[in-house]
Amino acid sequence: MSSEQPADEQQRLQAGSTPRPRDDVAFEDVTDSSFVYEFGGPVGAASMIVGFPLLMAYQFLCVYDSGGRFLLPDGVGDVVPWAGRMGARYWEIAAPTWAGARIYLRFTFFMVALAYVCPGPVMHGYKLPSLGGQRLAYHCNALWSWWVVQAAALALHFSGLFRLTQVIDNLGPIMTVAMLWSFFLASAVYAVTAARGEKHRASGNVVYDFFMGVCLNPRIGSLDLKLFTELRVPWPVLFFISLSCAFKQYEQLGYVTPESAFMVLAHWLYANACQKGEECVITSWDIFYELESWYLLFWNLAGVPFSYCYTSIYLLKNGPMGFGAAWCVLCYALLLVGYFFWDTGNSQRNRFRMFWNNTLIKRNAFPQLPMSFIHNAKFLQTRHGNKLLIDGWYAYARKPHYTADLAMALSWGLIAGFGSFFPYFYLTFFLVVLVHRVGRDDARCARKYGADWDEYMRVVPWKFIPYIY
């Protein structure tokens with residue numbers, strides 16, 4: 001273990017000079033050429049490609065059209081007629097329209113344009129085995145893009161050129177366009193990668209490879225498609241859906257309820273954190289290792305914004321909820337405490353990596369929270385060459401940022417009460433995903449670090465909550 005940071009690193013941080021990545025760090029990925037079927041193999045992949053859009057369509061009808069009630073057939077004999085009725089109703093209120101396409105695609109391409117022109121630091125990712133140890137450069141200007149698009153949206157709304165209430169009014173068509181757009185992009189990425197003969201970790205099964213992806217670093221000039229679709233579309237769109245619900249509620253009631261204001265704050269905090277910490281995300285597992293796939297594109301472009309918004313829609317359709325001040329204060333407190341530990345936890349682990357990779361920079365993005373960076377952090381040195389953080393929140397649990405994320409997800413449900421399952425869909429889905437992901441992470445790290453991983457789990461034995469789990 002070590003707790004000493006090199007003196008030249010400390011001087012560089014104080015001076016705020018432009019970082020140059022170290023060349024003596026270990027290759028991060030020793031399993032780049034390995035292959036195992038995941039998610040149930042080709043059958044599981046095909047099931048999810050079909051099932052996820054159907055699930056989103058069903059839940060949309062339950063929340064948007066029925067106020068959060070489950071829509072079920074009257075009996076076994078009614079299953080087929082019920083499915084027909086559901087399909088007809090969905091097509092009636094959510095079929096793709098030119099209005100929906102204009103709203104979604106104009107926003108997307110505006111964000112693309114901002115990605116090319118907004119100022120921001122150029123950062124470098126890990127050394128990639130697939131590129132012979134080269135590093136990719138990332139133009140980290142998501143924060144500027146985020147503030148510009150907020151200013152533009154509010155200017156359009158208050159000038160009357162585009163009322164943000166049009167988002168919730170056209171939510172069904174916008175969602176369908178987003179799903180179709182994700183299928184198109186996934187198909188294009190797959191086809192171009194295959195045509196170039198640049199497939200990574202391909203199984204040979206077309207359905208499975210389409211689902212899991214075959215392209216590691218899709219780029220259009222300086223635009224990294226994976227980083228763009230993970231940060232700059234899903235979370236801003238989610239925020240604008242909640243903001244649209246709040247504006248719509250104001251039109252209907254003459255005021256915005258504390259519950260709806262809560263969701264605007266919650267989604268703004270999450271979206272803002274993703275943009276202000278963009279330079280930290282380039283060292284994440286999704287960007288470094290995961291392939292650009294149908295499941296990443298579909299979930300980022302359609303799943304995240306249009307299924308994590310159920311609480312906001314539910315509050316609009318069923319509000320005002322009339323909860324007492326104590327309940328609202330409890331929910332706001334849980335949200336803000338969870339956010340503090342989530343933001344600082346992610347910052348601690350990512351900036352620790354960046355520090356030792358010599359890519360750490362100081363940014364004054366709002367909000368700046370204490371304990372976001374640990375000076376003289378303790379770590380476990382592995383034989384592989386990597387350092388495992390065992391300081392800050394990571395002295396108490398291996399995944400404290402996930403615990404905080406789940407706390408925020410719980411608050412998103414509690415603010416709507418207990419009248420419907422759908423405000424808790426995000427919490428439920430996220431919990432399942434995290435359990436699966438932590439299992440994948442542990443198995444990968446056990447292969448990668450061997451006995452060092454056993455020692456790490458001895459030093460930090462708890463996954464999520466100290467002394468509990």
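A brief structural summary. (Residues numbered from 1 in each chain as written. Predicted model: local features only at pLDDT ≥ 70, side-chain atom pairs only at ≥ 80, totals over all residues. Heavy atoms only, no water.)

## A closer look at the packing of helix 17 (residues 400–414) against helix 18 (residues 425–449)
When two helices pack together, you describe them by how their axes are tilted relative to each other and by the distance separating the axes. At their nearest, the axes of helix 17 and helix 18 sit 9 Å apart, and the two run at 165° to each other. In terms of orientation, helix 17 lies roughly antiparallel with respect to helix 18. Relative to helix 18, the crossing made by helix 17 is left-handed. Here Tyr402, Asp405, Leu406, Ala409, Leu410 and Trp412 of helix 17 come into contact with helix 18, specifically with Tyr426, Leu427, Phe430, Leu431, Leu434, Arg437, Val438 and Asp441. For the contact of helix 17 with helix 18, a count of residues per class yields 11 nonpolar, no polar and three charged. (Axes fitted to C-alpha atoms, helices over the stretch in contact; angles between N-to-C directions. Helix = DSSP H or I, 4+ residues; strand = E, 2+ residues; numbered from the N terminus. Parallel < 35°, antiparallel > 145°, perpendicular 65-115°, else oblique. Left-handed = near helix turned anticlockwise from the far one by under 90°. Contact = heavy atoms within 4.5 Å. Nonpolar A, V, L, I, M, F, W, Y, C, P; charged D, E, K, R; others polar.)

## Focus: the nonpolar core
For soluble globular proteins, nonpolar side chains are generally found buried alongside one another. In this structure, Tyr104, Trp294, Phe306, Tyr308 and Trp412 are the most contacted members of the largest nonpolar core, which totals 139 residues. For this core, the leading source of residues is helix 2 (residues 41–65), giving 12 residues. Ignoring any residue separated from it by four or fewer positions in sequence, one finds Trp294 in contact with Met48, Ile49, Phe52, Pro53, Phe183, Ala186, Phe210, Phe211 and Trp299. Ranked by size, the runner-up nonpolar core spans eight residues in total, among them Leu380, Ile390, Tyr449 and Tyr456. (Core = buried A, V, L, I, M, F, W, Y, C linked by side-chain atoms within 4.5 Å. Buried < 20%, exposed > 50% of the residue type's maximum accessible area, 1.4 Å probe, protein only.)

## Quick notes on the packing of aromatic side chains
Under the defined criterion, the tally for this structure stands at 55 aromatic pairs. A ring pair is formed by Phe355 and Phe373, whose centres lie 5.9 Å apart and whose planes are at 45°; its orientation type is tilted. In this pair, Phe355 sits in helix 16 (residues 325–357) while Phe373 sits in the loop between helix 16 and strand 5 (379–381), placing the two residues 18 residues apart along the sequence. Classification of Phe355 as buried rests on a relative accessible area of 1%. If you follow Lys317 out to its NZ or CZ, it ends over the ring of Tyr64, 4.2 Å from the centre. Above the plane of the ring of Trp356 lies Lys387, whose end atom (NZ or CZ) is 4.6 Å from the centre. (Phe/Tyr/Trp six-rings, centres within 6.5 Å; stacked < 30°, edge-to-face > 60°. Lys NZ or Arg CZ within 6 Å of the ring centre and 35° of its normal.)

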